[in-house]
Amino acid sequence: MIEIRFHGRGGQGAVTSAELLALAAIGEGKYAQAFPSFGPERRGAPVVAFCRIDDERIRIRANVYEPDIVVVLDSSLLKIVNVAAGLKPNGILVTTSPDSPEKVKEDLKIKHRIAVVDATRIAREVLGVPITNTTMLGSLVRASGLVKRESFISPLKERFGRIAEKNISAFERAYQDTILIQ
């Protein structure tokens, strides 16, 4: 089983990201679940969402405390939340940042693999708003190979309707621009 934890801020799409990832995995015939963890948060407050993917039925219903992958949708969270907490030793941290992967890794003082893309810039350029959910999904797929890129087409079209093509473009651009280091 692969467990993923998403860190974002209310309104940025962390919950949507987890749901879209689960739908893409289900579309490939895998089992998946996605769910948020939040209390009285408001727009802009830190939020966490989770996704599990497996080839067998998933019976666990708890939060993800030791993720295989952590995805960070807002680079400001890197300074205020221990996003790497519990990340498995062979895990991957996928984040948005204008900084190099080496700098982000050094700043976080982690030894894990790290993938970095400036998802906020891409989202502003392609979508016109700094909502990084679909861009970070492109980066996640590039860094992990967890699901196929084409598995997101249908979920993105269903979720975003008339603006789906822009979201697909943001996803693809982030996929291409992601840099992964050991």
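Chemist: Honestly, helix α6 (residues 153–160) in this entry has me stumped. Any pointers?
Modeler: Two residues of an α-helix separated by three or four positions point the same way, owing to the 3.6 residues in each turn. Of all the residues in α6, the buried ones are Pro155, Leu156 and Phe160. One side of α6 holds all its buried residues, which, seen down the axis, span an arc of 105°. Against α1 (14–27), α5 (133–144) and α7 (164–177) lie the buried residues of α6. Gly161 sits one or two residues past α6 and shows a positive phi near 50°.

Chemist: For this particular structure, what's the right way to read the packing of α1 against α5?
Modeler: Angle between the axes and distance between the axes are the two parameters that describe a pair of packed helices. As a packed pair, α1 and α5 sit with axes 9 Å apart at the nearest point and diverge in direction by 45°. Taken together, α1 and α5 sit at an angle that is classed as oblique. Taken as a pair, α1 and α5 cross one another with a handedness that is right-handed. Here α1 contributes Thr16, Ser17, Leu20 and Leu21 to the contact with α5, which in turn contributes Asn133, Leu137 and Leu140.

Chemist: Quick question: what am I supposed to make of the side chain of Thr178 here?
Modeler: Inspection of the secondary structure puts Thr178 in the loop between α7 and β7 (179–181). With a relative accessible area of 7%, Thr178 lands in the buried category. In contact with Thr178, other than residues within four places in its own chain, are Ala115, Val116, Val117, Ser139 and Arg142.

Chemist: Please clarify how unusual backbone geometry should be interpreted in this entry.
Modeler: When glycine is set aside, most residues are seen to have a negative phi, and most peptide bonds are trans. Unusually for a residue other than glycine, Lys109 sits at a positive phi of about 55°. Lys109 gets classed as exposed once you look at its relative accessible area, which sits at 71%.

Chemist: Just checking my understanding: could you explain the packing of aromatic side chains for this structure?
Modeler: How two aromatic rings sit relative to each other is given by the distance of their centres and the angle of their planes. Going through the model one piece at a time under the given rule, you end up with 2 aromatic pairs. Note on Phe152 and Phe171: the rings are 5.0 Å apart at their centroids and 45° apart in plane angle, and the pair reads as tilted. Of this pair, Phe152 sits in the loop between α5 and α6 while Phe171 sits in helix α7, and the two are 19 residues apart along the sequence. The residues Phe152 and Phe171 share a single accessibility class, namely buried. When the ring centre of Tyr175 is taken as origin, the NZ or CZ atom of Arg142, which lies over that ring, is 5.2 Å away. We note Arg149 situated over the ring of Tyr175; from NZ or CZ to the ring centre the distance is 4.0 Å.

Chemist: Is there a simple way to think about the pairing of strand β1 (residues 2–9) in this case?
Modeler: Side-chain direction in a regular strand flips from residue to residue, so the side chains alternate between the two faces of the sheet. The buried fraction of β1 is high, at 7 of 8 residues. Two elements, β1 and strand β3 (residues 46–54), share 8 bridges in a ladder whose sense is antiparallel. Considered in β3, the bridge of Gly8 is made with Val47. With 4 bridges connecting them, β1 and strand β4 (residues 69–72) associate as parallel partners. Paired with Ile4 across the strands is Ile69, a residue of β4.

Cut-offs and rules
- Residues numbered from 1 in each chain as written.
- Predicted model: local features only at pLDDT ≥ 70, side-chain atom pairs only at ≥ 80, totals over all residues.
- Heavy atoms only, no water.
- Buried < 20%, exposed > 50% of the residue type's maximum accessible area, 1.4 Å probe, protein only.
- Helix = DSSP H or I, 4+ residues; strand = E, 2+ residues; numbered from the N terminus.
- Arc of directions from axis to C-beta.
- Contact = heavy atoms within 4.5 Å.
- Axes fitted to C-alpha atoms, helices over the stretch in contact; angles between N-to-C directions.
- Parallel < 35°, antiparallel > 145°, perpendicular 65-115°, else oblique.
- Left-handed = near helix turned anticlockwise from the far one by under 90°.
- Phe/Tyr/Trp six-rings, centres within 6.5 Å; stacked < 30°, edge-to-face > 60°.
- Lys NZ or Arg CZ within 6 Å of the ring centre and 35° of its normal.
- Pairing = 2+ DSSP bridges.

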